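# A look at the structure
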Amino acid sequence: MKSGSGAVIGLSAVGGLTSLTGIPMLIAPLGATAVLMFGQPASPLAQPINVFAGYFIATLLGVGAAMAFPGLWEVSAVAVGLSIALMLMFRVTHPPAGAIPLVATASPYQSGTLFVVVLAGCISLLLLALVLHWIPPRAQYPRRVD
């Protein structure tokens, strides 16, 4: 119940930002991030460095692909593959981030807007995860990545 409630509250906070800013911020990858952060907080894939770095890499590649080759679906596939390779290389794998190049190439977001959406979503979910996992029964979050 605690994990499910955290996801509801976290994604509601992101939805609230949508209402305040007028920018659609509820993107599908954030739902998958909520599953990891609230449901599997011990997973290396749910740690803040993985979340932020994974999303940064994928957003950078996705936006770059969308700007350099607008309308080419093939570039989306390449950007996802490169995102995975770089996340693995830097040891910051966050599976939901793999969807960001698809969002970047298939949505009307302008390049800077997607960075704002992803960053605001990550910060909102992280702050709530820190609070939620502090409430008993406590879960250590974040965990040290060795």
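None of these values were measured; they are calculated from a predicted model.

### What to know about helix 6 (residues 111-132)
Along its 22 residues, helix 6 runs 32 Å from first to last C-alpha, staying within 8% of the 32 Å computed at 1.5 Å per residue. The complete set of buried residues in helix 6 reads Leu 114, Val 117, Val 118, Ala 120, Gly 121, Cys 122, Ser 124, Leu 125, Leu 126, Leu 128, Ala 129 and Leu 132. Looking at the buried side of helix 6, the elements it contacts are helix 1 (2-21), helix 2 (28-39), helix 3 (48-68) and helix 5 (100-106).

### Quick notes on the packing of aromatic side chains
Per the counting criterion, the structure on display carries one aromatic pair. Plain terms: the ring middles of Phe 56 and Phe 115 are 6.3 Å apart, the flat faces sit at 50° to each other, and that makes the pair tilted. You can see Phe 56 sitting in helix 3 and its partner Phe 115 sitting in helix 6, a full 59 residues away along the chain. Classification of Phe 56 as partly exposed rests on a relative accessible area of 48%.

### Description of the environment of Arg 144
Along the chain, Arg 144 turns up in the segment after helix 6. As for Arg 144 and Tyr 109, which are separated by 35 residues in sequence, their C-alpha atoms are 34 Å apart.

### Re the packing of helix 1 against helix 6
Viewed as axis vectors pointing N to C, helix 1 and helix 6 meet at an angle of 145°, and their least axial separation amounts to 9 Å. In this structure, helix 1 crosses over helix 6, and the sense of that crossing is right-handed. In contact with Lys 2, Gly 6, Ile 9, Gly 10, Leu 11, Val 14 and Leu 17 of helix 1, helix 6 contributes Ala 120, Gly 121, Ser 124, Leu 125, Leu 128 and Leu 132. Grouping the amino acids of the contact of helix 1 with helix 6 by side-chain chemistry returns eight nonpolar, four polar and one charged.

### A short note on the side chain of His 94
Assignment of secondary structure puts His 94 in the loop between helix 4 (73-89) and helix 5. A distance of 2.8 Å separates polar atoms of two side chains, one belonging to His 94 and the other to Thr 33. Beyond its immediate stretch of four places on either side in the chain, His 94 contacts Thr 33, Leu 36, Leu 45, Asn 50, Val 51, Gly 54, Tyr 55 and Met 87.

### Observations regarding a nonpolar patch on the surface
Taken together, the side chains of Leu 119, Ile 123, Leu 127 and Leu 130 define a hydrophobic patch exposed on the protein surface, amounting to about 330 Å² of accessible area. Locating Ile 123 in the fold gives a position in helix 6.

### Describing helix 1
A turn of α-helix holds 3.6 residues, and therefore any two residues three or four places apart point the same way. An ideal rise of 1.5 Å per residue puts 28 Å on 20 residues; helix 1 measures up with 29 Å between its terminal C-alpha atoms. Considered for burial, the residues of helix 1 that qualify are Gly 6, Ala 7, Gly 10, Val 14 and Gly 15. Each buried residue of helix 1 sits inside an arc of 165° when the element is viewed along its axis, so together they form one side. Exposed residues pointing more than 90 degrees away from the buried face of helix 1 are listed as Val 8, Ser 19 and Leu 20. Those residues of helix 1 hidden inside the fold are in contact with helix 2 and helix 6. After helix 1 finishes, the residue Gly 22 shows a positive phi value of roughly 80°.

Calculation notes
Residues numbered from 1 in each chain as written. Predicted model: local features only at pLDDT ≥ 70, side-chain atom pairs only at ≥ 80, totals over all residues. Heavy atoms only, no water. Helix = DSSP H or I, 4+ residues; strand = E, 2+ residues; numbered from the N terminus. Expected span 1.5 Å × (residues − 1). Buried < 20%, exposed > 50% of the residue type's maximum accessible area, 1.4 Å probe, protein only. Contact = heavy atoms within 4.5 Å. Phe/Tyr/Trp six-rings, centres within 6.5 Å; stacked < 30°, edge-to-face > 60°. Axes fitted to C-alpha atoms, helices over the stretch in contact; angles between N-to-C directions. Left-handed = near helix turned anticlockwise from the far one by under 90°. Nonpolar A, V, L, I, M, F, W, Y, C, P; charged D, E, K, R; others polar. Polar contact = N/O pair within 3.5 Å; in protein donor to acceptor, adjacent residues only side chain to side chain. Patch = residues over 30% accessible without salt bridge, like charges linked within 9 Å, V, L, I, M, F, W, Y side chains within 5 Å. Areas by Shrake-Rupley, 256 points an atom, 1.4 Å probe, with all protein chains shown as cover. Salt bridge = Lys/Arg side-chain N within 4 Å of Asp/Glu carboxyl O. Arc of directions from axis to C-beta.

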